[in-house]
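# Structural features, examined
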Amino acid sequence: MPYKSFEEYNMKVTDDVKTRYKNIIKDLGEDASREGLLKTPERAAKAMQFLTQGYHQDPVEILESAMFKESYNEMVIVKDIELYSLCEHHILPFFGKVHIAYIPNGHIVGLSKLPRVVDIFARRLQVQERLTEQILDCINDTLKPQGTAVVIEASHMCMMMRGVQKQNSTTTTSGFRGQFEKIETRNEFLKLIGK
């Protein structure tokens, strides 16, 4: 089976990370034995394992599990894919939408596999720029389509909650391969996703 629900936690990792979180809570000046915080270190340890489960999943395997021979050779777009990730600089969330397109070259892929690829790469410590390239390259290298396009629009809590504290800022990154490097194909894609 190429993937599974990640609700099983490595107990050694959970215990190690739990101890670290407990110490962080104490170091910040809070009482880690306070009722509301008693289970927080364990919950945080499990949350971090869930939010970084992408390190233990193979996106190529996901795509290859649902590739089908098909003669269709027009643009396929899956847009508005929800994205939740953690900034590697501050371990704060960034979130938004991913738009993916590809032009098949003899093979199509099950549509649900594209959001799964997004999740695998997003559930790692990330920067948006690398995330864009990883999704793009994985789809392009695995499906070998005529072209691939990825656009990510995200809001970063590290810019909103701290630092410059700009509440309405969004960051857009994009990547294009093959036929999408042609301006007319790229413009068609951007128009279809409303950009």
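Please refer to the structure higher up on the page.
The structure presented is a predicted model; accordingly, all values stated were derived computationally and were not measured.

## Examining the overall build of the chain
Tallying secondary structure elements over the chain gives seven helices and seven strands in all. In sequence order, the secondary structure elements of the chain are arranged as α-α-α-β-β-β-β-α-β-α-β-α-β-α. If one aligns the C-alpha atoms of the chain with their principal axes, the spans along those axes are about 60 × 40 × 20 Å. Expressed as a percentage of its 195 residues, the buried residues of the chain come to 40%. Taking the contacts inside the chain whose residues are at least 6 apart along the sequence as the reference set, 72% of them involve residues at least 24 apart. Here the chain displays about 11,200 Å² of accessible surface, and carbon together with sulfur accounts for 51% of that area. Looking at the chain, you have 26 positive and 26 negative side-chain charges, and the mean spots of the two groups are 3 Å apart.

## Focus on the pairing of strand S2 (residues 76-87)
Pairing analysis gives nine bridges linking S2 to strand S3 (residues 93-103), with the strands arranged antiparallel. The residue bridging Leu83 from the neighbouring strand is Gly96, located in S3. In this antiparallel pair of consecutive strands, S2 and S3, the connection spans five residues, and Ile91 shows a positive phi of 55°. Summarising the sheet, S2 and strand S5 (residues 125-126) pair through two bridges and their orientation is parallel. Within the sheet, the bridge partner assigned to Leu86 lies in S5 and is Leu125.

## Brief notes about the nonpolar core
The biggest cluster of nonpolar side chains holds 26 residues, and the ones touching the most others in it are Leu83, Val98, Ile100, Leu114, Leu131, Ile135 and Ile152. Those elements that provide at least two residues to this core are S2, S3, helix H4 (113-122), helix H5 (128-143) and strand S6 (147-156). Looking at this core element by element, the count peaks at six residues for H5. Residues contacting Leu83, with those up to four places away along its chain left out, are Phe94, Phe95, Gly96, Lys97, Val98, Val118, Ala122, Leu131, Ile152 and Ala154. In this structure, Ala101, Ile103, Ala149 and Phe176 belong to the second largest nonpolar core, which totals nine residues.

## Some thoughts on the pattern of salt bridges
Pairing between side chains of opposite charge can happen when their charged atoms approach one another. As enumerated under the stated definition, the model contains seven salt bridges in all. Residue Arg34 is joined to Glu30 by a salt bridge in which the shortest nitrogen-to-oxygen separation is 3.1 Å. For Glu30, a relative accessible area of 36% gives the class partly exposed.

## As for the sheet that holds S2
Strand-to-strand pairing in sheets goes through backbone hydrogen bonds, with the strands running parallel or antiparallel. In spatial order, the strands read S5-S2-S3-S6-S7; together these five strands make up an open sheet with mixed pairing. Edge strands, defined here as strands with exactly one partner in the open sheet, are S5 and strand S7 (171-178). Together, S2, S3 and S5 form the strand contacts of H4, whose direction differs from that of S2 by roughly 15°.

Thresholds applied
Residues numbered from 1 in each chain as written. Predicted model: local features only at pLDDT ≥ 70, side-chain atom pairs only at ≥ 80, totals over all residues. Heavy atoms only, no water. Helix = DSSP H or I, 4+ residues; strand = E, 2+ residues; numbered from the N terminus. Buried < 20%, exposed > 50% of the residue type's maximum accessible area, 1.4 Å probe, protein only. Contact = heavy atoms within 4.5 Å. Areas by Shrake-Rupley, 256 points an atom, 1.4 Å probe, with all protein chains shown as cover. Lys, Arg positive; Asp, Glu negative; His and termini not counted. Charge placed at Lys NZ, Arg CZ, Asp CG, Glu CD. Pairing = 2+ DSSP bridges. Core = buried A, V, L, I, M, F, W, Y, C linked by side-chain atoms within 4.5 Å. Salt bridge = Lys/Arg side-chain N within 4 Å of Asp/Glu carboxyl O. Axes fitted to C-alpha atoms, helices over the stretch in contact; angles between N-to-C directions.

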